[in-house]
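So you can see what is in the structure, the chains are spelled out below.
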Amino acid sequence: MASLIFSSGNIAAANKFRYDIPARNALIRCNLKFEGNGKHEGQLQTLTANQQTYPKLFTPYEFQRNPIKKEETKLRVFSGTANRALSEEIASYMGLDLGDIKITRFADGEIYVQLRESVRGCDVFLVQPTCPPANENLMELLVMIDACRRASAKTVTAVIPYFGYARADRKTQGRESIAAKLVANLITEAGADRVLACDLHSGQSIGYFDIPVDHVHGQPVILDYLASKTICAEDLVVVSPDVGGVARARAFAKKLSDAPLAIVDKRRHGHNVAEVMNLIGDVKGKVAVMVDDMIDTAGTISKGAALLHDEGAREVYACCTHAVLSPPAIERLSSGLFQEVIITDTIPVSEANSFPQLTILSVANLLGEAIWRVHDDYAGAFEHFCSLGID
């Protein structure tokens, strides 16, 4: 019986995966580690010789980086208040300290931002997902961009792990707004020179920006974690929770031993309301891995999981990059339908929203490497760098 692996195109060289597996619900750092970068060497565990190794997903970025003093580089990374923990992880991987910035609220709710160090002539990266509360975090990002522009930064890159309003990317009915385009215009007009985003809801959102957009995918982090689990390849099936996610699920399945694909056909009757109709594909006796870019109220994915169990699936895993987790998502995800719910830390998850089946993976190394490559104007000439979105 073959063990579960994921393939990486033509790369055949084996690579030992290194990762921490702390207590349930704690952050798991998977081995999207580009050799020579960051400060995590002492924290990572190398698999022993008798443990399974897998083909590596990325060719390492062969460049040694030691901890860097600010006066030795023109790179600055600042964090907003939306996801400070992720920003610290990114800075740690890069061997940098986060920039000193003051962000406060006036009594009437207005946002005040002051940079407490010089950024004149620097490449500035502002890490701020526009997660709930979306309007507060978006406005904070805009004010941060304006502060950097007025402080004579050479370039300002908005690093947006989760891009709010991404679902409002087209008109489905008359007299609707396309809020994704509006938000793109706001970021551009505020003074951003570039956007670095992770798993946009649809690729067309890139075209809404009039500035360069680097689109990084969170799939490799989840693939790395799944590859560390002892799931038999013959028992695996990847499931798209709706027709719109088929391309995403197909790409995911190709990396997981070219697993078969199943599709949940649903009819949506309103915002955040979904109704599952039927299943396309065979899941009887198999381990189903449901893949989506985000989980909001978990209506789509939970109804899909119930259908998979009805069709004979042995276990169901839910995987997504962005865990919005609006009520009643926690109740649905912890109801026993899922063997495990695997998400990333693009959006912070509070302790109140944790539950036994939840696993959180870090995308800090992925975003940190992307920031280095943008700063160094390093594209990477190999096909496996394309997953970073840097071309």
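Residues numbered from 1 in each chain as written. Predicted model: local features only at pLDDT ≥ 70, side-chain atom pairs only at ≥ 80, totals over all residues. Heavy atoms only, no water.

1. Some details on the state of the cysteines
Disulfides are covalent bonds that connect the sulfur atoms of two cysteines.
Then comes step 1: By the definition in use, this model includes zero disulfides.
Then comes step 2: Residue C148 stays outside any disulfide, its sulfur separated by 10.0 Å from that of C122, the closest cysteine. (Disulfide = S-S within 2.5 Å.)

2. What to know about the side chain of H215
Then comes step 1: Within the secondary structure, H215 sits in strand 10 (residues 213-216).
Then comes step 2: Accessibility expressed as a relative area gives 12% for H215, which makes it buried.
Then comes step 3: A distance of 3.4 Å separates the side chain of H215 from the backbone nitrogen of D199, its partner in a polar contact.
Then comes step 4: There is a polar contact of 2.8 Å between the side chain of H215 and the backbone nitrogen of L200. (Helix = DSSP H or I, 4+ residues; strand = E, 2+ residues; numbered from the N terminus. Buried < 20%, exposed > 50% of the residue type's maximum accessible area, 1.4 Å probe, protein only. Polar contact = N/O pair within 3.5 Å; in protein donor to acceptor, adjacent residues only side chain to side chain.)

3. A look at the pairing of strand 9 (residues 194-198)
Then comes step 1: Most of strand 9 is tucked away: four of the five residues are buried.
Then comes step 2: Two strands pair when backbone bridges link them, and strand 8 (residues 155-160) and strand 9 are joined in this way by four bridges, in the parallel orientation. Residue pairing for strand 9: T157 is matched across the bridge by R194.
Then comes step 3: Taking the sense of rotation as the criterion, the β-α-β connection linking strand 8, helix 3 (residues 179-190) and strand 9 turns out right-handed.
Then comes step 4: As judged from the four bridges shared by strand 9 and strand 10, these two strands associate in the parallel manner. Looking at the pairing, A197 lines up with H215 of strand 10. (Pairing = 2+ DSSP bridges. Right-handed = clockwise from strand over helix to strand, strands pointing away.)

4. Describing helix 5 (residues 246-255)
Then comes step 1: Buried within helix 5 are the following residues: V246, A249, F252 and A253. Viewed along the axis of helix 5, the buried residues span an arc of 125°, placing them on a single side of the element. Residues of helix 5 that are exposed and point more than 90 degrees away from the buried face comprise A247 and K254.
Then comes step 2: Downstream of helix 5 by one or two residues, S257 has phi in the positive range, about 55°. (Arc of directions from axis to C-beta.)

5. Some points on the environment of F355
Then comes step 1: Relative to the helices and strands, F355 resides in the loop between strand 16 (340-344) and strand 17 (358-361).
Then comes step 2: Residue F355 is classed as buried on the basis of its relative accessible area, which comes to 4%.
Then comes step 3: Put simply, F355 and I330 are 25 residues apart on the chain and 7.7 Å apart in space, counted from C-alpha to C-alpha.

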